[in-house]
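# Descriptive structure summary
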Amino acid sequence: MSDLTGKGTAGAGVGDEAEGYLLWQARIAVAEERAREFVRPIEWLTTSQRADIEQRYVAESLRRAREDLERVAARCRSLRGEYEQRYRTLRLRCFGWVLAAGTCLTSVTVAALTVRR
């Protein structure tokens, strides 16, 4: 979704924002349809009561959806941080192995040249 928390998303493009907007509009349409289905069997409601219940149902559905999305977004940020840390560790480990291998190769080369003289 596009920036539900009020914090900017680094690297989020216009396409991401448009997709988020469209997904949220679809969520609103589903909530409105479910609200209409919820009040349909309650025949004794007046028009204003029916509209009030539908409005409250939609508001509650969207509040829950927003909380769910914020929870998922927080988990995604957490996972990103974990993976970035693991990548840094792996990169340093690989650099260490390459440095060690280069040092060994240089030592063997110097030793071989020394023995040949």
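So, here's what we can say about the structure.

Definitions and cut-offs
- The numbers attached to residues start from 1 for each chain and follow its sequence in the written order.
- At least 70 in pLDDT is required for a residue's local features to be given in this predicted model, at least 80 for side-chain atom pairs to be given and counted, and no such filter applies to totals for whole chains, interfaces and linings, which use all residues.
- With hydrogens and water set aside, each side-chain value is computed from the structure's full complement of heavy atoms.
- Numbered from the N terminus, helices here are DSSP runs of H or I no shorter than four residues, and strands are runs of E no shorter than two.
- Contacts: residue pairs with any heavy atoms within 4.5 Å of one another.
- Per-residue and other accessible areas follow the Shrake-Rupley method at a 1.4 Å probe size, with only the shown protein chains counted as cover for residues.
- Buried residues of nine kinds, namely Ala, Val, Leu, Ile, Met, Phe, Trp, Tyr and Cys, make up a nonpolar core once their side-chain atoms join them within 4.5 Å.
- Think of it in three bands: with a 1.4 Å probe and only protein chains considered, a residue is buried below 20% of the maximum accessible area for its type, exposed above 50%, and partly exposed in between.
- What counts as a salt bridge is simple: a side-chain nitrogen of Lys or Arg found within 4 Å of a carboxyl oxygen of Asp or Glu.
- A fitted line through C-alpha atoms serves as each axis, taken over the contacting stretch for helices, and the angle formed by two N-to-C directions is quoted from 0 to 180°.
- Oblique is the label for every angle not falling under 35 degrees (roughly parallel), over 145 degrees (roughly antiparallel), or within 65 to 115 degrees (roughly perpendicular).
- Put simply, a crossing is left-handed when the front helix is turned counterclockwise from the back one by less than a right angle, and right-handed when it is turned clockwise.
- Side-chain classes are defined by residue name, with Ala, Val, Leu, Ile, Met, Phe, Trp, Tyr, Cys and Pro counting as nonpolar, Asp, Glu, Lys and Arg as charged, and the others, Gly among them, as polar.
- For this analysis, a polar contact is any N or O atom pair within 3.5 Å, provided that within protein one partner can donate a hydrogen and the other can accept it, and provided that sequence-adjacent residues contribute only side-chain to side-chain pairs.
- Expected span of a helix, by definition, is 1.5 Å for each gap between consecutive residues, and there is one gap fewer than residues.

The number of helices and strands found in the chain is two helices and zero strands. Long-range pairs, those at least 24 residues apart, make up 44% of the contacts in the chain between residues at least 6 apart in sequence. A total accessible area of about 9,800 Å² is found for the chain, and carbon and sulfur atoms account for 60% of it.

Attention now moves to the nonpolar core. Formed by W24, I28, A31, A35, V58, L62 and A65, the largest nonpolar core amounts to seven residues. Where this core is concerned, the elements lending two or more residues are α1 (14–39) and α2 (47–116). Looking at this core element by element, the count peaks at four residues for α1. Ignoring sequence-local partners within four residues, the contact set of L62 consists of W24, R27, I28 and A31.

Below, the discussion takes up the pattern of salt bridges. For the coordinates displayed, the defined rule picks out nine salt bridges. E60 is the partner of R64 in a salt bridge, and the nearest nitrogen-oxygen pair spans 3.2 Å. Of the two residues, R64 and E60 both sit in helix α2, four residues apart, roughly one turn of that helix. You can call E60 partly exposed: its relative accessible area is 29%. A salt bridge links R80 to E84; the shortest N-O distance between them is 3.0 Å. Of this pair, R80 and E84 both sit in helix α2, separated by four residues, roughly a single helical turn. Given the relative accessible area of 56%, R80 is considered exposed.

What follows is about the packing of α1 against α2. In contact at an axis separation of 9 Å, α1 and α2 are set at 140° when each is read in the N-to-C sense. Between α1 and α2, the angle falls in the class oblique. You can see that α1 and α2 cross each other, and the crossing is right-handed. Across from W24, R27, I28, A31, E32, R34, A35, R36, F38 and V39 in α1, the residues of α2 making contact are R50, I53, E54, Y57, V58, S61, L62, A65, R66 and L69. Grouping the constituent residues of the contact of α1 with α2 by class yields 12 nonpolar, one polar and seven charged.

Attention now moves to the environment of R36. Counting through the fold element by element, R36 comes out in helix α1. Sequence-wise, R36 and I53 are 17 residues apart; in three dimensions their C-alpha atoms are separated by 9.2 Å. At 3.0 Å, the side chain of R36 and the side chain of E33 are in polar contact.

Right, let's talk about α2 for a bit. Taking 1.5 Å of rise per residue, the 70 residues of α2 would be expected to cover 104 Å, and the 101 Å separating its terminal C-alpha atoms lies within 8% of that figure. All of the buried residues along α2 are V58, L62 and A65. On its buried face, α2 sits against α1.

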